[in-house]
Amino acid sequence: MKLVFYSATDIGPVRRNNQDSILADGDKGLFIVADGMGGHQGGEVASRLAVQIMSQQIEKIQQKQEVFLSTNLREACVETNKIIHNEGQKDLNLRGMGTTLCMLLVEKNGQSYIINIGDSRLYMEKDGQMWLLTEDHNFLTNQKKASFLSGDPEWEASSEDNVLTKSVGFFPNVDMDLFERKVEKKEKYLICSDGLSGFVPDQKIRNILTKCDLQDIPGECIKTALEYGSEDNISVIVIEVQ
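This report concerns the structure included in the present document. Model, not experiment: these values are computed from the prediction. (Residues numbered from 1 in each chain as written. Predicted model: local features only at pLDDT ≥ 70, side-chain atom pairs only at ≥ 80, totals over all residues. Heavy atoms only, no water.)

So, helix 5 (residues 202-211)
The condition that has to hold: Burial classes: relative accessible area under 20% of the type maximum marks a residue as buried, over 50% as exposed, and values in between as partly exposed (1.4 Å probe, protein chains only). For the purposes of this entry, the term helix denotes a DSSP run of H or I that reaches at least four residues, the term strand denotes a run of E that reaches at least two, and both are numbered from the N terminus. This arc corresponds to the set of directions leading from the helix axis out to the C-beta atoms. Residue contacts are counted whenever heavy atoms from the two residues lie within 4.5 Å of one another.
Every buried residue belonging to helix 5 is among Ile-205, Ile-208 and Leu-209, and all of these are buried. In an axial view of helix 5, the angular spread of the buried residues amounts to 95°, which keeps them on one side of the axis. The secondary structure elements touched by the buried residues of helix 5 are strand 7 (121-126), strand 8 (129-132), strand 10 (188-192), helix 4 (194-197), helix 6 (217-227) and strand 11 (234-241).

Here's what the structure looks like:
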């Protein structure tokens, strides 16, 4: 099994700095997109720390040749959250910072682990079909769930729709979605910040995944997000299992 991957990040047309951080490490089989929040400085620091600390935590597990278990990875997320939260408490300029974290970890035997906190996304495409493997942790998703459970399909649009209900570093504790799956040959995985998924319809993202050469996908995603009016930072990692 071989992983071939490409990545790109773009500041976008409006923001003064890029608060997204990405990691694509083929040696570790580790791929992360983190989208920071918390002001001009805080978001950038939070996302950078999330990528760095999670990578360090994964490396420690791999160096010890421990078997990856859900508990190992949950502990890594807890430690990452703790460090970022403590940094925010120490510096008034960073107080309230946090970040999303969307991660794919693939072992040599094809076992993979997906972690999601926030509203960055992970898609999987195979044979022309695409699936969203993560759930957005924001107010809008909660509203949709509440509407479904109540039997009322209508909900009022709100300026709070994109407010995160889960993040890394903002609160002392962290909650995450974590699941495992075996990757298979010919699968493509796309991890992105909401600078892409918040503006470009899923159908258009699927078309890019199915019609573009692998190395062109990140750039085409960024180009398309800008065409659709994205005003956010845009980050994309694409991975193909060969």
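Alright, that's what it looks like, and here's the rest.
What about the nonpolar core?
Soluble globular proteins tend to bury their nonpolar side chains together. Using the following cut-off: Note on terminology: a nonpolar core comprises buried Ala, Val, Leu, Ile, Met, Phe, Trp, Tyr and Cys residues joined through side-chain atoms within 4.5 Å.
Counting 28 residues, the largest nonpolar core has Ile-32, Leu-73, Ile-84, Leu-101, Met-103 and Ile-115 as its most contacted members. In terms of residue count, the dominant contributor to this core is helix 1 (residues 39-63) (eight residues). Ranked by size, the runner-up nonpolar core spans 18 residues in total, among them Leu-196, Val-200, Ala-225 and Val-238.

Section: the side chain of Ser-21
The condition is simple: Definition of a polar contact: a pair of N or O atoms within 3.5 Å, with one able to donate and the other able to accept a hydrogen when the atoms are protein atoms, and with sequence-neighbouring residues admitted only if both atoms are side-chain atoms.
Here Ser-21 lies in strand 2 (residues 20-25). Residue Ser-21 is classed as buried on the basis of its relative accessible area, which comes to 15%. Only 2.9 Å separates the side chain of Ser-21 from the side chain of Ser-47, close enough to count as a polar contact. Among the polar contacts listed, one links the side chain of Ser-21 to the backbone nitrogen of Arg-48, at a separation of 3.2 Å.

Let's talk about helix 2 (residues 70-90)
Rules: One less than the residue count of a helix, multiplied by 1.5 Å, gives the span that helix is expected to have.
The terminal C-alpha atoms of helix 2, which comprises 21 residues, lie 30 Å apart, in line with the 30 Å expected from a rise of 1.5 Å per residue. Burial in helix 2 covers these residues: Asn-72, Leu-73, Ala-76, Cys-77, Thr-80, Asn-81, Ile-84, His-85 and Gly-88.

Thoughts on the pairing of strand 8
Here is the rule we go by: What makes two strands pair is DSSP finding at least two bridges between them.
Here four bridges tie strand 7 to strand 8, and the two strands are oriented antiparallel to one another. Residue pairing for strand 8: Lys-126 is matched across the bridge by Gln-129.

Comments concerning the packing of aromatic side chains
Defined as follows: Aromatic rings from Phe, Tyr and Trp, taking only the six-membered ring of Trp, are treated as a pair when their centres fall within 6.5 Å; an angle between ring planes under 30 degrees marks them as stacked, one over 60 as edge-to-face, and anything in between as tilted.
Applying the stated criterion across every chain, the model contains two aromatic pairs. Geometrically, the ring pair formed by Phe-5 and Phe-31 is edge-to-face, given 5.2 Å between the ring centres and 65° between the ring planes. Pair noted here: Phe-5 is in strand 1 (residues 3-10) and Phe-31 is in strand 3 (residues 30-37), with a separation of 26 residues, a long-range link. Relative accessible area serves as the criterion here: at 0%, Phe-31 is assigned to the buried category.

A look at the environment of Asp-91
Note on placement: Asp-91 falls in the loop between helix 2 and strand 4 (98-99). Owing to a relative accessible area of 28%, Asp-91 belongs among the partly exposed residues under this scheme. Residues Asp-91 and Gly-42, 49 residues apart in the sequence, show an inter-C-alpha distance of 9.7 Å. A polar contact is formed between the side chain of Asp-91 and the backbone nitrogen of Asn-93, at a distance of 2.9 Å.

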